[in-house]
Amino acid sequence: MNLQRLRKFKADIHPAYHSLKTLLRIDLTKKEVSFEEIDPKIARDYLGGKGIAAYYLFRELPAKVDPLSPENKLMIITGPLTGTSAPLPNRFTVASKSPLSNTWSDSHCGGWWGPELRYAGIDGMIIEGRAEEPTYIGIHDHDVTFKSAEFYWGMGTHDVSKYLIEKESRSRVARVLSVGPAGERLGLISNIQADERSAGRGGLGAVMGSKNLKAITVVGSGDVAVSDAEAFKSAVKRSLSKIIEDRVSMYNLRLEGTDAIAEEVNETGGWPTGNYQKGRFPAGVDILSGEAFKKEMWEDGRKSRPCHRCVISCTHFATVSKGKYTGITAKGPEYETIAMLGANNCIASREVVTAASYYADFYGIDTISLGNSIAFLTECHEKGLVSTEDLDGVDLRFGDEDAFMEAVHAAGTVQGRLGRLVVNGVKRASEEIGKGSERFAMHVKGLEIPGYHPNAGIGQALAYAVADRGACHLRPWMYGREHLGETPRLNPRKYEDKPLAVKKGQEKMALIDSVNVCSFQTFAVSVYRDIYRMVNAATGAGYSEEEFRRVGERINNLTRAFNTREGFTSKDDILPWRMRHEPLDWGALKGQTVDLNRILPDYYKACGWSEEGVPFREKLSELGLDFVVHGMPDLPIRKE
Ligand code: SF4
C-alpha cells in the first residue's frame, strides 16, 4: 500500500477520530508484513502505548510462553500525542513478556524514533517469529523491507546507528533502534537503544536478539493530524506555559538533569550504597552530583541534546577529559546510572561512571540492573561466597574501579562465568551461588531494584513490591512525594495512607505510559486536567474525566491479570530479606525496616482484588475486561 492510499485508508475509516489506527504486523519467520486497523473501540479503551500493547499481548500470547522463543511477541506502540506539537511528545512503548522476570514488561523510550514512526504513517507494530539470519528492518513510510544484518551483528549500538543512518537516510535523517551484543547473546538485562535513549528494563533487548533482529530504521515523510486543531492548540499552549513557569522543569532538570536530586537522596539516607548495605555515600556524593557534572563534564557546547520537541531539555552529555577513559562521551549519566553504577558500587569517580555508562549503552545493557548485579556479586565475593577464580580471576571489591570495569565488559560481551552471572541478573546469580545470597539479592520478581533504598520510604517500598514489571521506581515514584518535595507530600514512615496512594499513582503512570509523553512534564502539568485536554483534542475521543481515569485502572488490572495468568501470586509481591531485617543505617529514618504484610491486604482491597492479590471477576467485568474473565475461568468471585 502506498502512503497516499494508506492515509486515505485511515481517513475513510474514521474521518474525525485521530487516535492510533495503523498497526504494522511483521512476521520474521515468514518474512511477511501486513497493515491492520486498530479497532477504534480498542484505541479508545486502551489509549496507546502500554495500554494497547497490553491488550494485544494478553489476547495473542498464550500463557507460559518461553520469552526467548519465536512464539513471544515484541510490541512497539506510540501514543496519541506522539509526534504532535504537545509538550515532550516523543515516547514510544516497547512491551513483551520479560525473559528476566517472566512478567508483563513495558519500557518507554524518548528521542526521535517514535515520532518518526508516526510520520511514516504507522502507529505501532507487532513483531512475531524469528528470522533465520541476522536481520534489520528498513521502513520508509509504507515500504517495509527485510535486510541482512550480518555486517552489523556483534556491533555496539553507537556504531550500528552511525552505519544505518548513513545507509537509510533519504531527504530526512533515518532514526535507528537497535540492540547491542548483549541482546544478541540473550543477556537477560539487555535493553533496546534508540537515539542514545533506552527502552531499558526487563531484558527486552534479549527478546529482540532472540528474533535475530538487530535494528529497525524508520524514515517518515508525513505528519500527525489532530482532531480539533483549535482546541488542541489552546490545550498545548496552556500546558506549555505551565512548564515554562515551573522551576523544577526549567531550572533543576534543565541545568542539572536528573542528577539534580543525588545530594538530596543521599541526605535522606536512601542512596543505595554497597549493594544497599548502606543508604549514604559520603565519599562520592560531591563527585557524582548534578552540580559536579555540570561544572566538570557538561562543558564543550554539548550541554544538552533534548528529545524531539522538548522545552525542558534535561539531557546532558559528559565528556571524559582525564585518565584512561579520556575522549569518551556518554549521555548523562542519568540519576539512576550514577546511583547504581556509582554509589551502589562505591565508585567515587565521574570518569569511571561515565565510561561504564557509555559501555552499557554500547553493549545495550540496562544500567540499573547492571549496577545492581555487579554490586551483588561484589558483596558475594567480599563475604567469601564466591572466590576470585569463580569470577574468572576478577578480584571484585567495592570501590575497585578496574575490577568494576572488567565486570562491565564481561557482561556486555557475555563472556565467562562473571559475564553470565552479571548479565543474567541478580535473581539467577543468587540461585546459582546459593549459600544464603538470596537474602541480599536486590530484586522484586527478578527485576533489579533501582536507586532509592526501599527502607527509606514505605510508599516506595510498596510500589516496588507490587509494580507489574517487578521493582520499578516509576510506578509510581513515591520517593518524590516522601522526600523530594513532590505534592501532596507523604510521610515516609507511615503505612496507612500508602495503599491508596500507590494504587492511584500506578493508574496515573499507566495513563502517561499510554499517552506516551515524557513524564517529566508532570512536575508542572496535571494528567487529569492538562494531558487529558490535549488527548481529547488530539483524538476526538471525548473522554469524560471519569472515563479517562478508568483507562488507567483498566490497564493496571490487565497487566495484573497477565501476571496472574503466568502464575504470579501475592507471594511474589515481596521485598528482599535485607529490607525486612537490616534497618536503614543513617539519617532521620535510621532504624527503619519495611513490613509490607501490614498494608498489602489494604492495597489489594483498594484495587478490588482478592486477599491473594487476584482481580475479582466482577472488577474486571466492570472495567470492560470480559475477555480476561472468559480466558481465566479460575478467577475469584467477590463475596459481598
Ligand atoms: S525532559 Fe529530558 S527525557 Fe524528557 S523529553 Fe525532555 S530531554 Fe527527553
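Our subject is the structure listed above.
(A) Broad picture of the sheet that holds strand S9 (residues 175–178). Strand order in this open sheet of six strands is S8-S7-S12-S9-S10-S11, and the pairing throughout is mixed. The open sheet has two edge strands with one neighbour each: strand S8 (143–148) and strand S11 (197–199). Recorded for the sheet is a direction-independent mean angle of 20° between the axes of neighbouring strands. Note that S9 and strand S12 (residues 213–219) share four bridges and pair antiparallel. By the bridge assignment for S12, Arg 175 is matched with Val 218.

(B) Structural view of the packing of aromatic side chains. Evaluation of the coordinates by the stated rule reveals 26 aromatic pairs. On the numbers, 4.9 Å between centres and 35° between planes, the contact of Tyr 452 with Tyr 479 is tilted. Of this pair, Tyr 452 sits in the loop between strand S16 (447–448) and helix H19 (458–466) while Tyr 479 sits in helix H20 (residues 478–483); the two residues are 27 residues apart in sequence, bridging distant segments of the chain. Classification of Tyr 479 by relative accessible area gives buried; the value is 0%.

(C) Representation of the site of the ligand in the model. Looking at the ligand, the residues that line it are Leu 88, Asn 90, Pro 306, Cys 307, Cys 310, Ile 312, Cys 314, Thr 315, Cys 518 and Phe 520. Across the shell around the ligand, the residue classes tally to eight nonpolar, two polar and no charged.

(D) Structural context of unusual backbone geometry. A cis amide bond links Gly 332 to the next residue, Pro 333, at an omega of -10°. In this structure, Pro 333 sits in the loop between strand S14 (329–331) and helix H13 (335–342). Following Arg 475, the chain continues into Pro 476 via a peptide bond in cis, with omega recorded as -5°. With phi around 55°, Asp 195 is a residue other than glycine that occupies positive phi space. By the element assignment, Asp 195 lies in the loop between strand S10 (192–194) and S11. With a phi close to 60°, Asn 275 is a non-glycine residue in the positive phi region. As for its position among the elements, Asn 275 is in the loop between helix H10 (262–268) and helix H11 (285–288).

(E) Local environment of the pairing of strand S7 (residues 135–140). Across the six residues that make up S7, a large majority, six, are buried. Across the two faces of S7 the burial is the same, with Thr 135, Ile 137 and Ile 139 and Tyr 136, Gly 138 and His 140 all buried. With six bridges connecting them, S7 and S8 associate as antiparallel partners. Looking at the pairing, Ile 139 lines up with Val 144 of S8.

What counts and what doesn't
- Residues numbered from 1 in each chain as written.
- Predicted model: local features only at pLDDT ≥ 70, side-chain atom pairs only at ≥ 80, totals over all residues.
- Heavy atoms only, no water.
- Pairing = 2+ DSSP bridges.
- Helix = DSSP H or I, 4+ residues; strand = E, 2+ residues; numbered from the N terminus.
- Axes fitted to C-alpha atoms, helices over the stretch in contact; angles between N-to-C directions.
- Phe/Tyr/Trp six-rings, centres within 6.5 Å; stacked < 30°, edge-to-face > 60°.
- Buried < 20%, exposed > 50% of the residue type's maximum accessible area, 1.4 Å probe, protein only.
- Near = heavy atom within 4 Å.
- Nonpolar A, V, L, I, M, F, W, Y, C, P; charged D, E, K, R; others polar.

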